[in-house]
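One letter stands for each residue in the lines below.
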Amino acid sequence: MSQIAQQAERLCAENFTRIAPPSKYIAGFSSRLGRQLALELNRQAIYCWSQPVPLTDAPTSPIRTYAENKSRNSNLNGKNSPNLVFGRPAHYWKFEDTSSFQTFLNWYGQLS
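Read on for an overview of the structure. (Residues numbered from 1 in each chain as written. Predicted model: local features only at pLDDT ≥ 70, side-chain atom pairs only at ≥ 80, totals over all residues. Heavy atoms only, no water.)

**Looking at the overall build of the protein chain**
Put simply, the test is: Secondary structure elements are taken from DSSP: a helix is a run of H or I of four residues or more, a strand is a run of E of two residues or more, and numbering for both begins at the N terminus. Burial classes: relative accessible area under 20% of the type maximum marks a residue as buried, over 50% as exposed, and values in between as partly exposed (1.4 Å probe, protein chains only). Contacts: residue pairs with any heavy atoms within 4.5 Å of one another. To be clear on the numbers: accessible area is Shrake-Rupley with a 1.4 Å probe, and residue cover counts the displayed protein chains and nothing else. For this count, His and the chain ends are skipped, Lys and Arg are scored as positive, and Asp and Glu as negative. In this description, the location of a charge corresponds to atom NZ of lysine, CZ of arginine, CG of aspartate or CD of glutamate.
Scanning the protein chain for helices and strands turns up two helices and six strands. Put simply, the protein chain runs from its N terminus to its C terminus through helices and strands in the order α-β-β-β-β-β-β-α. Counting only C-alpha atoms, the protein chain reaches 35 × 30 × 25 Å along its principal axes. Counting across all 112 residues of the protein chain, residues that qualify as buried make up 44%. A sequence separation of at least 24 residues applies to 60% of the contacts in the protein chain between residues at least 6 apart. Accessible surface, the protein chain as shown: approximately 5,800 Å² in total, 45% of it carbon and sulfur. Averaging the coordinates of the 12 positive side-chain charges in the protein chain and doing the same for the 7 negative ones gives two points 8 Å apart.

Here it is, written out as structure tokens:
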């Protein structure tokens, strides 16, 4: 796991609750209000999926939006991210640094 992925996982663990122990590729988290986030652990930047949310006031924009019928990473599963699996819509995000990711986590964590 890259250093930035380790830092991102630590930030997620400090801000959200783990859904399950992480796999080699994905760590799933849930906000205190129940929104799920799945972090990719094998990348050189911070990539994550979130449940679709209104993007008003978002600190950035997702790099991709997945409709429920669009395939995505096969490591997103019912164990580590049940609300982000194939069959459910999702947003996909990329962050170059932990500062912008922390800003996103603060924003996403407040959404109900």
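So that's the structure; there's more coming.
**So, the packing of aromatic side chains**
To keep things clear, this is the line we draw: Pairing of aromatic side chains here covers Phe, Tyr and the six-membered ring of Trp, requires ring centres within 6.5 Å, and sorts the geometry by plane angle: under 30 degrees stacked, over 60 edge-to-face, intermediate tilted.
This model, assessed by the stated rule, comprises 12 aromatic pairs. Aromatic pair Phe95 and Phe104: ring centres 5.0 Å apart, planes at 40 degrees, arrangement tilted. Neither Phe95 nor Phe104 differs from the other in exposure class; each is buried. Each ring, one from Phe101 and one from Phe104, has its centre 6.2 Å from the other, and the planes form 20 degrees; the classification is stacked. Of the two residues, Phe101 and Phe104 are both situated in helix α2 (residues 98–109); the distance of three residues between them amounts to about one turn of the helix. Of the two residues, Phe101 and Phe104, neither departs from the other in class, the shared state being buried. Through a chain of ring-to-ring contacts, the aromatic side chains of Phe16, Trp93, Phe95, Phe101, Phe104, Trp107 and Tyr108 assemble into a single cluster.

**What to know about the environment of Asn69**
Within the secondary structure, Asn69 sits in the loop between β5 (64–66) and β6 (90–95). Overall, Asn69 belongs to the exposed group, its relative accessible area being 58%. The sequence separation of Asn69 and Asn15 amounts to 54 residues, and the corresponding C-alpha distance is 30 Å.

**Remarks on α2**
Since there are 3.6 residues in each turn of an α-helix, residues three or four apart along the chain are aligned in direction. Put simply, the test is: To estimate the expected span of a helix, subtract one from its residue number and multiply by 1.5 Å. N or O atoms closer than or at 3.5 Å make up a polar contact, with two conditions inside protein: a donor-capable atom paired with an acceptor-capable one, and, for residues adjacent in sequence, both atoms drawn from side chains.
The terminal C-alpha atoms of α2, which comprises 12 residues, lie 16 Å apart, in line with the 16 Å expected from a rise of 1.5 Å per residue. For α2, the complete set of buried residues consists of Phe101, Phe104, Leu105, Trp107, Tyr108 and Gly109. In this structure Asp97 caps α2, since a side-chain oxygen of it lies 3.1 Å from the backbone nitrogen of Ser99.

**Digging into unusual backbone geometry**
Located in the positive-phi region is Asp57, a residue other than glycine, with phi close to 70 degrees. Residue placement: Asp57 occurs in the loop between β4 (46–50) and β5.

**Description of the side chain of Gln36**
Tracing the sequence through the fold places Gln36 in strand β3 (residues 36–40). What Gln36 contacts, discounting residues up to four positions off in sequence, is Ile19, Phe29, Ser30, Trp49, Ser50, Gln51, Ser81, Pro82, Asn83, Leu84 and Tyr108.

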